[in-house]
Amino acid sequence: MFMGMINDKLAAYPRSLEEDKVLLAGDSLTPFSNERHAVIQVAGEKEVLEHYKTHCQVALELLSFDVNDDAAYIARHRELRDSGCSPWILKYCSLDPMGTIGMCRRMERRRLQQAQEGTSDPARPHIV
């Protein structure tokens, strides 16, 4: 849902972020002009949207890993880190206590274990 909203917002712009960067790097815009500043502003908005798009893509990818396979999860997290992924995205997806995706994985692992042991109480649902 969030990814769809981001894609809709990006599609509403007449130019892509890459086209804005080319335009800003060229000589067609007068320095310090309103037009140039408008392109800078809009390019910044697109950069934020692209960041959140990447954030969603990475989080969804990492959520697809088996909750009992931390080794594969950690290996992919390291690959993302080594490829220059945003530190904010990496923190969100980390397995440490502050990582949101890591916390979700731990809660799901606990839920599955309780269901297997028969100790979960359907009258007391887990809040995620």
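Up top is the structure these notes are about.
All figures in this text were calculated on a predicted structure; none of them were measured in a lab.

This brings us to the overall build of the protein. Regarding its fold elements, the protein presents six helices and zero strands. Overall, the protein shows an N-to-C arrangement of helices and strands of α-α-α-α-α-α. By the compact-globule yardstick of 14 Å for 128 residues, the protein is too spread out, its C-alpha radius of gyration being 21 Å. Overall, the C-alpha framework of the protein stretches about 70 × 35 × 20 Å when taken along its three principal axes. In the protein, buried positions account for 24% of the 128 residues. Relative to all contacts within the protein whose residues are 6 or more apart in sequence, the contacts with residues 24 or more apart total 54%. Of the charged side chains in the protein, 16 are positive and 19 negative, and the gap between their average positions amounts to 5 Å.

A word on a nonpolar patch on the surface. Judged by side-chain polarity, Met1, Phe2, Met5, Val48 and Tyr52 come together as a nonpolar surface patch covering roughly 580 Å² of accessible area. Of all the secondary-structure elements, those providing two or more residues to the nonpolar patch are helix H1 (2-12) and helix H3 (34-63). Note on placement: Met1 falls in the segment before H1. For Met1, a relative accessible area of 87% translates into the label exposed.

Per the stated rule, a full pass over the model turns up two aromatic pairs. Aromatic side chains Phe2 and Tyr52 sit 6.2 Å apart centroid to centroid with 80° between the ring planes, which places their arrangement in the edge-to-face category. Separated by 50 residues along the polypeptide, Phe2 in helix H1 and Tyr52 in helix H3 bring together distant segments of the chain. Taken together, a centroid distance of 6.0 Å and an interplanar angle of 80° make the contact between Phe65 and Tyr73 edge-to-face. Relative accessible area serves as the criterion here: at 0%, Tyr73 is assigned to the buried category.

Cut-offs used in this document
- Residues numbered from 1 in each chain as written.
- Predicted model: local features only at pLDDT ≥ 70, side-chain atom pairs only at ≥ 80, totals over all residues.
- Heavy atoms only, no water.
- Helix = DSSP H or I, 4+ residues; strand = E, 2+ residues; numbered from the N terminus.
- Rg over C-alpha atoms; globule rule 2.2 N^0.38 Å.
- Buried < 20%, exposed > 50% of the residue type's maximum accessible area, 1.4 Å probe, protein only.
- Contact = heavy atoms within 4.5 Å.
- Lys, Arg positive; Asp, Glu negative; His and termini not counted.
- Charge placed at Lys NZ, Arg CZ, Asp CG, Glu CD.
- Patch = residues over 30% accessible without salt bridge, like charges linked within 9 Å, V, L, I, M, F, W, Y side chains within 5 Å.
- Areas by Shrake-Rupley, 256 points an atom, 1.4 Å probe, with all protein chains shown as cover.
- Salt bridge = Lys/Arg side-chain N within 4 Å of Asp/Glu carboxyl O.
- Phe/Tyr/Trp six-rings, centres within 6.5 Å; stacked < 30°, edge-to-face > 60°.

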